[in-house]
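Residue-level listing of the chains:
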Amino acid sequence: MQLVIVESPAKAKTIEKYLGRDFKVLASYGHVRDLPPKDGSVDPEDGFAMQWQLYPDKAKRLKEIQDAAKQADRLILATDPDREGEAISWHVQELLRAKKALPASVDRVTFNAITKQAVTDAMAHPRSLDDDLIDAYRARRALDYLVGFTLSPVLWRKLPGAKSAGRVQSVALRLVVEREREIEAFVAQQYWSVTGLFEMGGTPFKARLSRWHGDKIERLSIGTEADARAAEADVKAGHFTVDTVETKPLTRNPPPPFTTSTLQQEAARKLGFSASHTMRIAQGLYEDGAITYMRTDGVQMDHSAISAARKAIATRYDGGYVPDKPRQYQTKAKNAQEAHEAIRPTDFSKDKLGSGDHGRLYELIWKRAMASQMASARLERTSIDLADGTGKTVLRATGQVVKFPGFLALYDEGRDDAEDEDARLLPAMAKGDAPAKTGVEVERHETQPPPRYSEASLVKKMEELGIGRPSTYASILQVLKDRAYVTVEKNRFIPEESGRLLTAFLERFFERYVGYDFTAGLEEELDDVSGGRAQWQAVLERFWRDFKPRTGEVMEQKPSEITAALDEFLGPYLFPDKGDGSDPRLCPNCGTGRLALRGGKFGPFIACSNYPDCKYTRKFAQPGGADGAADNGPETMGTDPESGLEVTKRSGRFGPYIQLGDGKEAKRSSIPKDIPGEDFDLDYAIRLLNLPREVGVHPESGKPIMAGLGRYGPYLLHDGKYAKLTGTAEIFDIGMNAAVVRIAEAANGGGRGRAKVEPLKTFGAHPTSGGEMKLMAGRFGPYVTDGTTNATLPKSVEPDALTEEEAIALIDARAAKGPAKGKKKAAPKKAAAKKAPAKKKVPSEESGGKGIRGRAAFSLPLSRVSMAHREVLRCAACSLSCRRSARSLPYPRPRSRPGA
């Protein structure tokens, strides 16, 4: 028997169909072990020796692999064809060797696509594990571990609120923060444009002012409205004729097939997918055998794939769309290894596959790969100058015409910038023509700051700089979101306060290690290791020799010294020049103190040097306090008429709140966001402080119904059960009748009992069973059922796109397989015949003590139970301690053993 190990069960299921009966395919479910998250897992003093730890949830999988390996004559490691795949194979081999279960023959095979041809070819050409790739994996894993476990403790002690820092994630965060600084420092400039509206032969077109008073007009040339109106008057008064017509042929070549990064970028632009979602869908398509391996930075395709693509193009279009020679591509990305093919479909004859997101992503991959082998598009760009009689006022119209679409007939690459005006179509014109002028447009514009990074543009920038690897982009961006260092609004990254402070800290104290060139250079060294050109411990030693002393120096500094250094470093950002010569650090509250960065329990903030006399503060991430979010201390709202205590409005970590009195006994309440500022007065504050209020007594239970404001918003409470309210005002306005109805509705549909699950979609009756078919949301994913048979939806089928025909096919296929494993039909019950009393015996130690917890299990007289058996019974019945379970035994409790 030959044992084949892959990563995922879906991949195992697919390739098992291609292999004979002599093969058994098992999945490791990804990595089986990793460095334990504790100090000492990597020892720099011992040649960077690593201590690996088995994932607890992989013990069962490994036991299954181990048992199969003991019976196998040959082990075939068929994990993914990259550094991570090589590492998984190495880990499996090392664990089997430690368990003395490694077969005599061990081979490594790789295939770039899960097709029968690719799998059988790989099996016919095995190799040994690649030690260079394994060393590169160990170097990268040790490097990331050492940075994280050395730098993070420094952050926790010196920078409150910071969660972690990573070798690559911190550099990606720096890109986001620096772009935000550019946006904040940007000063908009006003400019005007003057455009003439014309018509020729029934076709309207526009021509922008390009010369005025004989001078060339640049974008910012017309800076005032007065100049714009003067230019408008000249255009209105002028009689324009065609002065020059310039036509230039253009050729647009198709883009190469997708790499990991370009797939993430294009899926974000055209499909709105996040990088992580794109990779999940691509993983499913790869495991289904639909596309080649999706983690690659290579842009080349296999010769057989190129031939298949050219054949598909010739079938779909005429021969003019197939170039004379096959196209060959070379990547322009920094640090690209080009170890694998580009991402392409495994069968070019299939232009569609699956539905929903799977179908959309597959179609995008298919179109891009097909277009990469199509003929170039031929265009014609036309520029027309319209001059008045004096020749001093000239308007220019530009446009282009597609003479031959080529690859554009199938695919046009998305762009992050706006549409080019040159793409407009122009009517045919010749010198001396006088098109009819229909109007003049004058528009005011402002220069725009650079846009915030989207996932697509950030991945593109990281690739250009050589930061990270294609397989890591999705996880890097996800870490930034999970750590709350950034937020995403309208698909754009915005740095949070914690992210900005972390970046400032690293730039000030670890500038080298968040440098773009340094990070890219380290990636090149790791690539040298994978190529056998460098020794992995030597790379780590060079990094550690400088990094470790630097972290020690920072750790020795006092928190106040860290804060002072950051205050100086961030001075231009926190206290920008006001432009009037005044001190930007002057406190706006007291007028004498100076503002500075301070460290607090919940993170940094800006405070006045005259504290506690002046209690002015503002948050760290609010330069200049321009948003009016400054905190000048408690604001007195008035006095509570009942208690006589002062009611104050304050600002806390979680937002504004009100407080009644002072000290530990003071009563507090947050101020809900849905209360308008003009309505929030002393009376409203007292009403909030007096919550919860009793709405009345429930007519059936006789128990009170309370209305209050909780952690999750306004609520009703009755007999320990809650019902949500729509807004804060409803707490005070809701009456008994409405409250009883809300309580009843919550009990029926939102109580702790299991609510009725509504189908996601309904179909007609199943043609065989007659049961109504429904699409349901299950614990392990969506499934379709006819009331008798449940069929899980494949990954490639989106629930929203499921048709009735597909539902019938899924149910029929599932029914044909019979009952699930381990679920047998219950045999019909028979009348129990009277049996002779079974001979009772004392459970042995080998029995594991099953069934001996209760007294009924011990029906032998105590005199017939030996002391040895008593000891066995007592210990077998114990789950926590001998003393505890011995009390329930049907005989006198024996003396406890030492340590029992």
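In this convention, every chain numbers its residues from 1, walking through the sequence in written order. Restriction of local features to residues with pLDDT of at least 70 applies here, the model being predicted, together with a cutoff of 80 or more for giving and counting side-chain atom pairs; totals for whole chains, interfaces and linings are based on all residues. Note that the side-chain values use all heavy atoms of the structure and ignore hydrogens as well as water.

**Considerations on the packing of aromatic side chains**
Note on aromatic contacts: the rings of Phe and Tyr and the six-membered ring of Trp form a pair at centre separations within 6.5 Å, being stacked when their planes are under 30 degrees apart, edge-to-face when over 60 apart, and tilted otherwise. Inspection of the entire model under this criterion finds 20 aromatic pairs. Ring geometry for Phe505 against Phe510: centres 6.2 Å apart, planes inclined by 50°, an arrangement best described as tilted. One exposure class covers both Phe505 and Phe510, and it is buried. One aromatic cluster in this structure is built from Phe505, Phe509, Phe510, Tyr513, Phe518, Phe543, Trp544 and Phe547. Lying across the ring of Phe509, Arg508 places its NZ or CZ 4.8 Å from the centre. Any Lys NZ or Arg CZ found within 6 Å of a ring centre and within 35 degrees of that ring's normal is scored as a charge over the ring. Seen from the ring of Tyr684, Arg687 lies directly overhead, with NZ or CZ sitting 5.4 Å from the centre. For the exposure calls, accessible area comes from a 1.4 Å probe over protein chains only, and a residue counts as buried if that area is under 20% of its type's maximum, exposed if over 50%, partly exposed in between.

**Some remarks on the sheet that holds strand β7 (residues 74–77)**
Following DSSP output, two strands are said to pair if at least two bridges run between them. For the purposes of this entry, the term helix denotes a DSSP run of H or I that reaches at least four residues, the term strand denotes a run of E that reaches at least two, and both are numbered from the N terminus. Strand order in the open sheet formed by four strands is β2-β1-β7-β8, and the pairing between neighbours is parallel. Looking along the sheet, the strands with just one partner apiece sit at the ends: β2 (23–27) and β8 (105–108). Between one strand axis and the next, the sheet turns by 20° as a mean value, whatever way the strands run. By the bridge criterion, five bridges tie strand β1 (residues 2–6) to β2 in an arrangement that is parallel. What sits directly across from Ile5, in β2, is Leu26. Sheet contacts for helix α2 (residues 59–71): β1 and β2; angle to β2, the most-contacted strand, approximately 160°. Note on definitions: angles span 0 to 180 degrees between N-to-C directions of axes, and those axes are lines fitted to C-alpha atoms, for helices only across the stretch in contact. Contacts are residue-level and defined by heavy atoms, with any inter-residue pair within 4.5 Å sufficient.

**Describing the nonpolar core**
Nonpolar side chains tend toward joint burial in soluble globular proteins. In this structure, Val4, Ile291, Leu361, Met462 and Phe505 are the most contacted members of the largest nonpolar core, which totals 152 residues. The dominant element in this core, judged by the number of residues it contributes, is helix α5 (residues 131–158), at twelve residues. Leaving out residues up to four positions away in the same chain, Leu361 has contacts with Leu263, Ala267, Leu271, Phe273, Thr278, Ile281, Ala282 and Leu285. Definition used in this section: a nonpolar core is a set of buried Ala, Val, Leu, Ile, Met, Phe, Trp, Tyr and Cys residues joined via side-chain atoms within 4.5 Å. Residues Val647, Ile671, Ile675 and Ala739 belong to the second largest nonpolar core, which totals 24 residues.

**Examining the packing of helix α15 (residues 516–530) against helix α16 (residues 536–556)**
Viewed as axis vectors pointing N to C, α15 and α16 meet at an angle of 160°, and their least axial separation amounts to 9 Å. The orientation of α15 relative to α16 falls into the category roughly antiparallel. For the pair α15 and α16, the crossing hand works out as right-handed. Together, Phe518, Leu522, Glu525 and Val529 of α15 and Trp536, Val539, Arg542 and Phe543 of α16 make up the contact between the two elements. Each residue receives one of three labels: charged for Asp, Glu, Lys and Arg, nonpolar for Ala, Val, Leu, Ile, Met, Phe, Trp, Tyr, Cys and Pro, and polar for the others, Gly being one of them. Of the residues belonging to the contact of α15 with α16, the class tally is six nonpolar, no polar and two charged. Every angle not falling under 35 degrees, over 145, or within 65 to 115 is termed oblique; those three ranges are roughly parallel, roughly antiparallel and roughly perpendicular. Here is the rule for handedness: rotate from the far helix to the near one, and if that takes an anticlockwise turn smaller than a right angle the crossing is left-handed, while a clockwise turn gives right-handed.

**A few points about the pairing of strand β10 (residues 203–212)**
Summarising the sheet, strand β9 (residues 190–200) and β10 pair through six bridges and their orientation is antiparallel. The partner of Thr195 across the bridge, within β10, is Arg208. Counted between consecutive antiparallel strands, the loop separating β9 from β10 contains two residues, among which Gly201 sits at a positive phi close to 60°. In the sheet, β10 pairs with strand β11 (residues 215–216) via two bridges, with the strands oriented antiparallel. Note on β11: the bridge partner recorded for Trp212 is Asp215. Adjacent in sequence and paired antiparallel, β10 and β11 are bridged by two residues, among which His213 carries a positive phi angle near 55°.

**A look at the sheet that holds strand β25 (residues 693–697)**
The antiparallel open sheet is built from four strands, whose spatial order is β25-β26-β27-β28. Each edge of the open sheet carries a strand with a single partner, namely β25 and β28 (721–724). For this sheet the average axis-to-axis angle between neighbouring strands, irrespective of direction, equals 30°. When strand β26 (residues 704–710) meets strand β27 (residues 713–718), the two strands line up antiparallel, connected through six bridges. If you follow Met706 over to β27, its bridge partner there is Leu717.

**Section: the pattern of salt bridges**
A side chain with one charge may pair with a side chain of the opposite charge, provided their charged atoms come close. Salt bridges are counted wherever a side-chain nitrogen of Lys or Arg sits within 4 Å of a carboxyl oxygen of Asp or Glu. On inspection of all chains with the given rule, the structure shows 44 salt bridges. Across the pair Arg108 and Glu86 runs a salt bridge whose closest N-O atoms are separated by 3.0 Å. Taken together, the residues Arg108 in strand β8 and Glu86 in helix α3 (residues 83–98) connect sequence positions 22 residues apart. According to the relative accessible area criterion, Arg108 is buried, its value standing at 0%. With a shortest N-O distance of 3.5 Å, Glu266 and Lys270 are connected by a salt bridge. One end of the pair, Glu266, and the other, Lys270, are both in helix α8 (residues 260–271), four residues apart, so they sit about a helical turn from each other. Since its relative accessible area comes to 0%, Glu266 is described here as buried. One network of salt bridges, in which partners are shared, links Arg140, Asp144, Arg167 and Glu523.

**Digging into helix α4 (residues 116–124)**
Because each turn of an α-helix spans 3.6 residues, side chains separated by three or four positions in sequence point in the same direction. All of the buried residues in α4 are Val119, Ala122 and Met123. Considered in projection along α4, the buried side chains sweep an arc of 100° and stay on one side of the axis. Structural note: α4 exposes Gln117 and Ala124 on the side pointing more than 90 degrees away from its buried face. Buried residues along α4 sit against β1, α1 (9–16) and β7. In this description, the arc belongs to the directions extending from the helix axis to the C-beta atoms.

**So, a negative patch on the surface**
Within this analysis, patches are made of residues with over 30% relative accessible area and no salt bridge. Like charges are joined at 9 Å or less; nonpolar side chains (Val, Leu, Ile, Met, Phe, Trp, Tyr) at 5 Å or less. Every accessible area reported is derived by Shrake-Rupley at a probe size of 1.4 Å, with residue values counting cover from the shown protein chains alone. Under the convention used here, Asp and Glu are negative, Lys and Arg are positive, and both His and the chain ends fall outside the count. Working definition for charges: the position is that of NZ of Lys, CZ of Arg, CG of Asp or CD of Glu. A surface patch of negative charge is lined by Asp43, Glu45, Asp46 and Glu541. Within the element layout of this structure, Glu45 appears in the loop between β4 (42–43) and β5 (49–50). With relative accessibility at 72%, the residue Glu45 sits in the exposed group.

Keep in mind these numbers describe shape, not what the thing actually does.
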